[in-house]
Amino acid sequence: MTAANEAPELLLQHHLKKLRLPTVLREYEKLARQCAAENADHTRYLARLIELELIDREARMVERRIKAARFPSIKSLETFDFDAIPTLNKKLVVDLARSDFVDRRENVIALGPSGVGKTHLAIALGVAACQRGIKTRFATAAAIVHELIEAHDEKRLLRLQRQLANHELLIIDELGFVPLSKTGAELLFELISQRYERGATIITSNLPFDEWTATFGEERLTGALLDRLTHHVHILEMNGKSYRLAQSRSKRKR
Ligand code: ADP
Ligand code: MG
């Protein structure tokens, strides 16, 4: 007798583990009973079983992408109140959530004061991209500059730059919150130059463009940076009142 005759169940389970088909392993018996009851033939049974694996696999991939992106929290467009910010082009935001701008390697810049939902939107667009399987990374400008300087000091800048370039979508949050050091500004400029027409970048900033020089320290560098960033760009104008502030005020009134 062959091993297959002896213990087909055990053998099948072993093969499914080896092939990494956890959903097939979990569902094959139950689905077999269902299909038998419905008189579904073998092909239908197999097709349904494999479809379950495919759906689960996609969900696992999305989970992995979201985890790897390192979002500070998870936000979505569903929970975003567009009425609170009338200057924002809703149609454009909804369109951007389809992530075609990532395929086209375009940039998005969200501008506005504190608390108007810039980070919320940036995360929502990032999560939407992850759901489409796009390799995404989120970081504040301060954190990414810190990472770059550290890598530079430890002589592994090239590796980090390659790693960052490997992300189809990079989200740089809070540009302009803190002025950058000369090295910091240069490294960030280099990163954005490297991504030019090779990857999509979302930047949020509390500063209008004419004040970016204060962050980058140098007019020439800022000009060159803006030139690259704004070549293929969607600008989200978010001039409104702080949502946070409005919320806490209305809570106090209640
Ligand atoms: P910003 O990055 O512009 O400072 P955030 O995105 O951090 O603002 O928003 C502050 C808080 O208010 C977050 O919890 C965010 O989810 C919420 N928020 C801001 N704007 C909106 C909005 N229009 N609809 C729903 N929640 C919002
Ligand atoms: Mg923010």
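Each chain has its residues counted from 1, following the order in which its sequence is written. Following the order in which they are written, the chains are lettered starting with A and the ligands numbered starting with 1. Restriction of local features to residues with pLDDT of at least 70 applies here, the model being predicted, together with a cutoff of 80 or more for giving and counting side-chain atom pairs; totals for whole chains, interfaces and linings are based on all residues. Note: side-chain values were computed over all heavy atoms of the structure, leaving out hydrogens and water.

Participant: Sorry, what's going on with empty space enclosed by the protein here?
Facilitator: Over the atoms, a rolling probe the size of a water molecule traces out where space has been left empty. Throughout, the protein atoms alone are placed on a 1 Å grid, and a set of points is a cavity if a 1.4 Å probe fits but cannot get out or a pocket if it is open with protein on both sides within 12 Å along at least five of seven lines; lining residues have an atom within 4 Å of a point. Grid points are joined across faces, edges and corners, and a volume is the space filled by probe spheres set on the points. For the structure on display, the rule yields one cavity of 30 Å³ or more. Here the largest cavity is characterised by a volume of approximately 70 Å³. Lining the largest cavity are Arg-105, Asn-107, Ile-192, Arg-195, Tyr-196, Glu-197, Gly-199, Thr-201, Arg-228, Leu-229 and His-232. Helix and strand assignments follow DSSP, with helices taken as H or I runs no shorter than four residues and strands as E runs no shorter than two, numbered in order from the N terminus. Counting residues per element, the ones that place at least two in the lining of the largest cavity are helix H10 (182–195) and helix H12 (219–229). Think of it as three bins: nonpolar holds Ala, Val, Leu, Ile, Met, Phe, Trp, Tyr, Cys and Pro, charged holds Asp, Glu, Lys and Arg, and polar takes everything else, Gly as well. Along the lines of polarity and charge, the residues of the lining of the largest cavity split into three nonpolar, four polar and four charged.

Participant: Explain the packing of helix H2 (residues 8–18) against helix H3 (residues 22–37) here, please?
Facilitator: The axes of two packed helices give the description: the angle between them and the distance between them. Note on method: axes are straight lines fitted to C-alpha atoms, helices fitted across the in-contact stretch only, with angles between N-to-C directions ranging 0 to 180 degrees. At their nearest, the axes of H2 and H3 sit 9 Å apart, and the two run at 145° to each other. Contacts between H2 and H3 involve Glu-9, Leu-12, Gln-13, Leu-16 and Lys-17 on the former and, on the latter, Val-24, Leu-25, Tyr-28 and Glu-29. The residue makeup of the contact of H2 with H3, split by class, is five nonpolar, one polar and three charged. A contact between two residues is defined here by any heavy atoms of the two lying within 4.5 Å.

Participant: I would appreciate a short explanation of the pairing of strand E3 (residues 169–175) in the present structure.
Facilitator: Successive side chains on a regular strand alternate, one facing one side of the sheet and the next facing the other. Burial classes: relative accessible area under 20% of the type maximum marks a residue as buried, over 50% as exposed, and values in between as partly exposed (1.4 Å probe, protein chains only). With six of seven residues buried, E3 is to be regarded as a mostly interior element. Between any two strands, at least two bridges found by DSSP are needed for them to pair. Where E3 and strand E4 (residues 200–205) come together, five bridges link them in parallel fashion. In the strand pairing of E4, Leu-170 is matched with Thr-201. Handedness of the E3-H10-E4 crossover: right-handed. Here the term right-handed applies to a crossover when the path leading from its first strand over the helix to its second strand runs clockwise, the strands being oriented away from the viewer.

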